[in-house]
Amino acid sequence: MSSKPFDLLVIGGGNTGAGIALDASSRGMRTALIDMQDFAAGTSGRSTKLIHGGLRYLKQMEFRLVAEIGKEREIVHRIAPHLTKPEHMLLPLYKGGSLGKFTGQIGMSVYEWLAGVEKKEWHQMLNTGEILELEPLLPQKDLLGGILFYEYRTDDARLTLDVMKEAISRGAQALNYVKASSFLKSNTKLIGLTAEDQISGQRAELHAGCIVNATGPWVDLLGEKDSSGVPHKLHITKGVHLVVDQKRFPVKQSLYIDTFDKRMIFVIPREGKTYIGTTDTFYSGDISHPLVETADAEYLFRCINTFFPDLNLTVSDIESAWAGLRPLILKPGKGPSEVSRKDEIFVSDSGLITIAGGKLTGYRKMAQRVVDRVEGTLNGDRTFAKCSTDKILLSGGKFKDMKDFMHFARIQSANYPELDIAQPEMETLVSRYGSNTPAVLDRMDSLRGKEKQILPLLLRAELSYAIEEEMCCTLSDFLIRRTSLAYFDVGTVNQWKAELLNYMSGLMGWDEQMKLDNARDLEKALGDLKIH
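Quick caveat, the model's predicted, so the values are computed rather than measured.

**Structural notes on unusual backbone geometry**
- Cis geometry marks the peptide bond from G277 to T278, where omega comes out at 15 degrees.
- When you line up the elements, T278 lands in the loop between strand 14 (273-277) and strand 15 (281-282).
- The phi dihedral of Y177 is positive, around 55 degrees, even though this residue is not glycine.
- In this structure, Y177 sits in the loop between strand 7 (173-175) and strand 8 (178-186).
- Positive phi values are uncommon outside glycine, yet N187 reaches one of about 55 degrees.
- Here N187 lies in the loop between strand 8 and strand 9 (189-197).
- By relative accessible area, which is 71% here, N187 ends up exposed.

Structure, rendered in C-alpha cells:
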C-alpha cells in the first residue's frame, strides 16, 4: 500500500467505510482502507442486528429519512439475501400504550408508502385472538390487538465483511489492525498519512489524492489530528443488548413492545436464545470498549418484567451482552432518542472528508454521497463510472433471486453427503456464508481424516476459512465477528476455546508469547460481553 499513491484512502472499516471502498473501487478509483481494530469491531458489529426501515422516525417527522432507509432496506435484501432474513415483527397494542389501533394503522400505512414496501410485505392488523395465537406469552389484560409487519434480521458484522470482500474483489486494498497515526500535508492540504500496524509495529506512509474519515464514534478524535478540522460533530449514545436462553424467555415471535417510560424495544428469538434491546443514553466513556453496566441490564429487565410480569428475569439469566455506540450528529438541547439518525458530510480546510451519523441500513446511500464528493475533489482529466452499488451482489450474495438462494440452501447437503451435516446446521452455514459456503465445505472435506483432532471438523474449517479469506487475526475476531458464537452460543465457546487457540496458533505460526498474548486478548474480549 505504501508503494504507490491512491485516489482515495478510507479510514474506518465499519459498514460505511467498507461501503465507500466498494463504491469507489467499482467506479474505477484506486482505493485503500485501514482500520485500527478488526473490521466491524465498532458500531457496525454491535447493532440490534436488523436491517429495518426506521418506523419510529415517523414520530420525529423525518419523512425523507424513512423513505430513503425503507428503499435501501430492499436493496440490501436483494444484494445480500443470505444476510437479510425476512422476519415477521409483532407490535402488540394495549390500552394506554403509545399507539392505538387507528394511529398504528395510519402510521404503518404512511411508513409503507414512504418506504415503497412491496404489497406482499404490507402490514396486517390482527385481533386479540390472532395476536395470542402468534405469541401466547403476551399478557391478555388490556390487549387491543396488534400489527404484524416485516423487518429483516441480519448479521451486522458479516454484512460489513461481505461488503469489504466485494470491494477487495474489485481492486480495493484493505487492512485491519492498522492505525492512522498522523496526517501528511503539503501546503496545508492532506496528501496522505503515517500508518502503524498494530500487530507488528511496522510504520509506513500512505499517500492519496483524497482521504475520508469514516471512523464512526472516533470521528472527532481523528479530526483532532487534522489541525484544520471543524469543531466536534458528534453526540455519542450507547445502546445495549442482552442475550438469555430462549427457555428462560420463551417467545415464539419477534416483538416490538412499549416500555414503561414510553420508548420501544425489540425482543428477538434467535438460534435458541432471545435477545433484548436496546437502550439509548449519552456516552462519554472509552470508545474502544463500551461495556454493558448493571444499570443498563436492570433498566431493560425492568422494561421486560413490567411488560411480562410472570418472567422475573434477573441479571443472573444473562448469557452474553454487547454495547454499541451511535455516532449521531451533534444537536445541543436534544435527548438521546431525539437526536436525528441522519448522516452529514463535513469537509475541513485541509480537504479531509468526514462522514458522520446515519444507520446500518443506509450505509450504501451514505457511501454513494461520500464518493460523489470525492470524485469532485480529485484533480485531472480522469472520468469515473457512475455509482452501481444498488446492482452489485455482495460477496456471498451471488444469487439471481430469493428462489435461487433457497434452492442453493436446499442442495448443499446433497452436494456434500460425505460430511453428514444436518439440515439445520447447513442452513446456519448458508445464512452465514451464502454463495461462499462451498469454500467452507471444501475445507471440511480436505481436512476430513487428515489429522486426529479433538476440535470439531466444522470449527476447524470455519477458522481456516476466516484466516485465509476474511483477514481474521485473533480468536476473538473469529468468535465474535466471523461467527457470532460469543453472542449466541457461549457454551460452544467455553467448550472449545482452548483447542481453537491451539489450532489457530498452528495455522498462524505463533510463538509462545504471541499465543499467550492472544489468549489474554480473548479473555478480555469475552469479559467485555459480561455485565460490569
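**A closer look at the packing of aromatic side chains**
- This model, assessed by the stated rule, comprises 13 aromatic pairs.
- When the centroid spacing of 5.6 Å and the interplanar angle of 55 degrees are considered together, the rings of Y275 and F488 count as tilted. With a gap of 213 residues between them, Y275 in strand 14 and F488 in helix 14 (residues 485-488) connect regions that are remote in the sequence. Summarising the burial analysis for this pair, Y275 and F488 share the class buried.
- Considering the side-chain rings of Y487 and F488, the 6.2 Å spacing of their centres and the 75 degrees angle between planes classify their relative orientation as edge-to-face. The pair formed by Y487 and F488 is uniform in burial state, with each residue classed as buried.
- Through a chain of ring-to-ring contacts, the aromatic side chains of Y94, F249, F307 and F308 assemble into a single cluster.
- Above the plane of the ring of W322 lies K49, whose end atom (NZ or CZ) is 4.8 Å from the centre.
- Positioned over the ring face of F260 is R302, at 3.8 Å from the centre of the ring.

Conventions used here
The numbers attached to residues start from 1 for each chain and follow its sequence in the written order. Where local features are concerned, this predicted model is filtered to residues with pLDDT of at least 70; where side-chain atom pairs are given and counted, the filter is 80 or more; whole-chain, interface and lining totals use all residues. The side-chain quantities take in all heavy atoms of the structure and omit both hydrogens and water. By the criteria applied, helices consist of DSSP H or I runs no shorter than four residues and strands consist of E runs no shorter than two, each listed in order from the N terminus. The cut-offs for exposure are 20% and 50% of the maximum accessible area for each residue type, with area from a 1.4 Å probe on protein chains only; residues under the lower value are buried, those over the upper are exposed, and the others partly exposed. Side-chain rings of Phe, Tyr and Trp, where Trp is taken by its six-membered ring, are said to pair if the distance between their centres is within 6.5 Å; with planes under 30 degrees apart they count as stacked, over 60 as edge-to-face, and otherwise as tilted. Geometrically, a charge over a ring is one whose NZ (Lys) or CZ (Arg) sits within 6 Å of the ring centre while staying within 35 degrees of the ring normal.

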